[in-house]
Amino acid sequence: MPNIPNGTKTPEPSFEHPPRTKRHRWVWLSAIAVVLIVGGFLLLRHREATQKAAVAARSDAAPAVTVTTATAQKGNIGVYLDSIGTVTPVYTDSIASQVNGLVVAVQYTEGQRVTKGDPLIEIDSRPYRAVLLQAQGTLERDENLLAQAQLDLERYRAAWARNAIAKQILDDQEKLVLQDDGTVKNDQGTVQFDQIQIDYCHITAPIAGQVGLRLVDPGNVVQSSGTATLAVITQLEPITVIFTIPEDSLGQVEARLQKKAKLTVDSFDRTAQTKIASGVLLTLDNQIDTTTGTVKARALFDNKNDALFPNQFVNTRLLVNTLQGVTLIPASAIQQNGQASFVYVIQNNFAHMRSVKLGVTDGGVTQVEGVNPGDVVANSSFDKLQDNVAVVVSTTPAPAATGGSSAP
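Residues numbered from 1 in each chain as written. Predicted model: local features only at pLDDT ≥ 70, side-chain atom pairs only at ≥ 80, totals over all residues. Heavy atoms only, no water.

Colleague: Looking at this structure, I do not really get the sheet that holds strand β9 (residues 209–211). What am I missing?
Modeller: Strands pair in a sheet through their backbones, by hydrogen bonds, and they do so in one of two ways: parallel or antiparallel. Pairing in this open sheet of 4 strands is antiparallel, and the strands run β4-β11-β9-β6 from one edge to the other. With one partner strand each, in any of the chains shown, β4 (92–95) and β6 (113–114) form the two edges of the open sheet. Pairing of β9 with strand β11 (residues 231–234) involves 2 bridges; the strand directions are antiparallel. Across the sheet, the residue bridging to Gln-210 is Thr-234, located in β11. (Pairing = 2+ DSSP bridges. Helix = DSSP H or I, 4+ residues; strand = E, 2+ residues; numbered from the N terminus.)

Colleague: Teacher, can you tell me more about the packing of helix α2 (residues 126–161) against helix α3 (residues 167–200) here?
Modeller: A packed helix pair is summarised by two numbers, namely the angle formed by the two axes and the spacing between the axes. It is the contact of α2 with α3, at a shortest axis distance of 8 Å, that shows an interaxial angle of 160 degrees. Considered as vectors, α2 and α3 are oriented roughly antiparallel to each other. Taken as a pair, α2 and α3 cross one another with a handedness that is left-handed. Tallied by class, the residues present in the contact of α2 with α3 amount to 17 nonpolar, 9 polar and 11 charged. (Axes fitted to C-alpha atoms, helices over the stretch in contact; angles between N-to-C directions. Parallel < 35°, antiparallel > 145°, perpendicular 65-115°, else oblique. Left-handed = near helix turned anticlockwise from the far one by under 90°. Nonpolar A, V, L, I, M, F, W, Y, C, P; charged D, E, K, R; others polar.)

Colleague: Help me out: how do you make sense of the nonpolar core in this one?
Modeller: Note on soluble globular proteins: their nonpolar side chains tend to be buried together. Residues Tyr-108, Leu-120, Ile-121, Ile-123, Ile-203, Val-216 and Ile-233 are the most contacted members of the largest nonpolar core, which totals 31 residues. Sorting the residues of this core by element identifies β5 (101–106), β7 (119–123), α2, α3 and β11 as the ones contributing at least two each. Tallying contributions element by element places α2 first for this core, with 7 residues. Not counting the four nearest positions on each side in its chain, Ile-203 is found in contact with Ile-95, Asp-118, Pro-119, Leu-120, Ile-121, Ile-123 and Leu-230. With 24 residues, the next largest nonpolar core counts Val-241, Val-253, Leu-281 and Leu-318 among its residues. (Core = buried A, V, L, I, M, F, W, Y, C linked by side-chain atoms within 4.5 Å. Buried < 20%, exposed > 50% of the residue type's maximum accessible area, 1.4 Å probe, protein only. Contact = heavy atoms within 4.5 Å.)

Colleague: How do you make sense of the pairing of strand β13 (residues 264–268) when you look at a structure like this?
Modeller: Within a regular strand, the side chains alternate between the two sheet faces. The buried count for β13 comes to 4 of 5 residues, which makes it a mostly enclosed element. Taken together, the 5 bridges between β13 and strand β14 (residues 275–284) define a ladder with antiparallel strand orientation. Pairing of Asp-266 across the sheet is with Ser-278, part of β14. Where β13 hands over to β14, the hairpin turn is made up of 6 residues, of which Ala-272 adopts a positive phi near 60 degrees. Inspection of the sheet shows β13 paired to strand β16 (residues 313–330) by 4 bridges, in the antiparallel sense. Residue pairing for β16: Ser-267 is matched across the bridge by Thr-316.

Colleague: How should I be thinking about the pattern of salt bridges in this particular structure?
Modeller: Opposite charge on two side chains permits pairing when their charged atoms draw close. Going through the model one piece at a time under the given rule, you end up with 14 salt bridges. Between Asp-124 and Arg-126 there is a salt bridge; the shortest N-O distance is 3.0 Å. Accessibility expressed as a relative area gives 15% for Asp-124, which makes it buried. Of the charged contacts in the structure, one is a salt bridge between Asp-375 and Arg-354, with a shortest N-O distance of 3.2 Å. (Salt bridge = Lys/Arg side-chain N within 4 Å of Asp/Glu carboxyl O.)

Colleague: So what exactly am I meant to see when it comes to the environment of Gly-182 here?
Modeller: Note that Gly-182 resides in helix α3. Using a relative accessible area of 38% as the deciding quantity, one classes Gly-182 as partly exposed. Along the backbone, Gly-182 and Leu-146 are 36 residues apart, and their C-alpha atoms lie at a distance of 9.3 Å.

Colleague: When you look at unusual backbone geometry in this model, what are you seeing that I'm missing?
Modeller: Backbone geometry follows two general trends: most residues other than glycine have a negative phi, and most peptide bonds adopt the trans configuration. A cis amide bond, omega -5 degrees, links Glu-237 with the succeeding residue Pro-238. With respect to the helices and strands, the residue Pro-238 is situated in the loop between β11 and β12 (239–246). Here the phi dihedral of Asn-348 falls at roughly 55 degrees; this positive angle occurs in a residue that is not glycine. Relative to the helices and strands, Asn-348 is located in the loop between β18 (340–347) and β19 (350–362). With relative accessibility at 73%, the residue Asn-348 sits in the exposed group. Even without being a glycine, Asn-388 presents a positive backbone phi close to 65 degrees. Examined against the element boundaries, Asn-388 turns out to sit in the loop between β21 (376–378) and β22 (389–393).

Colleague: Sorry, what's going on with the packing of aromatic side chains here?
Modeller: Here the distance between the centres and the angle between the planes together describe a pair of aromatic rings. Throughout the structure, instances matching the rule amount to 2 aromatic pairs. Ring geometry for Phe-342 and Tyr-344: centres 5.6 Å apart, planes at 90 degrees, overall edge-to-face. A ring pair is formed by Tyr-344 and Phe-382, whose centres lie 6.5 Å apart and whose planes are at 25 degrees; its orientation type is stacked. Of this pair, Tyr-344 sits in strand β18 while Phe-382 sits in the loop between β21 and β22; the two residues are 38 residues apart in sequence, bridging distant segments of the chain. Here Tyr-344 and Phe-382 have matching classes, each one buried. A connected cluster of aromatic rings, assembled from ring pairs, spans Phe-342, Tyr-344 and Phe-382. In this structure, Lys-167 is placed above the aromatic ring of Trp-160, and the distance from its NZ or CZ to the ring centre is 5.6 Å. (Phe/Tyr/Trp six-rings, centres within 6.5 Å; stacked < 30°, edge-to-face > 60°. Lys NZ or Arg CZ within 6 Å of the ring centre and 35° of its normal.)

Following this line, the structure appears as structure tokens:
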């Protein structure tokens, strides 16, 4: 214990320093808080100023472009094969004469609709009727000779039973009956042939259809050995169209046919703008044409309104399949950059370039992958659009051209 001199007052402990230290600490904490608050406020103002400057700079660099838009939809789209075809009747008959003779009447009018069995042309049948009458006379005579020989045969059989005649006489009579029977059959064949010749003089329609222009006049002599055509009949209802399918697409068509699917075929006019009729695929040919790499197909049309005409040129569309629940956008909204395809998706009044993968196109609508149903895409002003450019959506088409564009 320290020695304290006598008479010296012991100093009392001081309590002023600790409170001073605590007060300095609060001062420093308050100063730091103020600095942090001021610094955050200044940082926030700087960031806002930077963003405004960026927007202003972007607006100065690329003014807002007025565009029309389209919305991606979820729906179904058909897979079609387009081709060219020729209208071909199911039946076409070129009628020629089977006999020699004089044409005495033409009983059809040009362009007439006929049914099976309607009279068309009459050829003079009098010479053939005379020949038929001779053949009928010969037949009648030989039939009576046969009847007489059969009566004699019965008498010879009765006499031989009584041993009144020799067996040789009976045998000879039996053979004579057989000879007369053969003669009668020959005469019957001659009569039938002559009757057919007379029938050939009355030419009738073998099928129902439309007769073409008149090719023979009354007074003309026709020959059975000639090649002259007397009339042409084409069937119009139903009618078929023959078209081609690429061999690369043959597999998917055959797969559908094996499932007994009825594939629809639409026929269009020469410009491929106006639909003429709809039918179904009937069959495919049994071999591929190696010179063209295609296979022929035949489609059947009922043609009740006679919209299809024989040998008419048509454009065909074969519906092979229908894709269900895919994303669809207008084909006009798709742009190309070489082999790549892209669209401009509109978000927050800015256009964003997005690559897409194209699928089936039908009627100005294309199946795509890369955008979602509900996305809004630009559909005009592609010559002014770039990635991240500001846009103004308009309900009327923009005056700028919408054809081909390249990525910036």
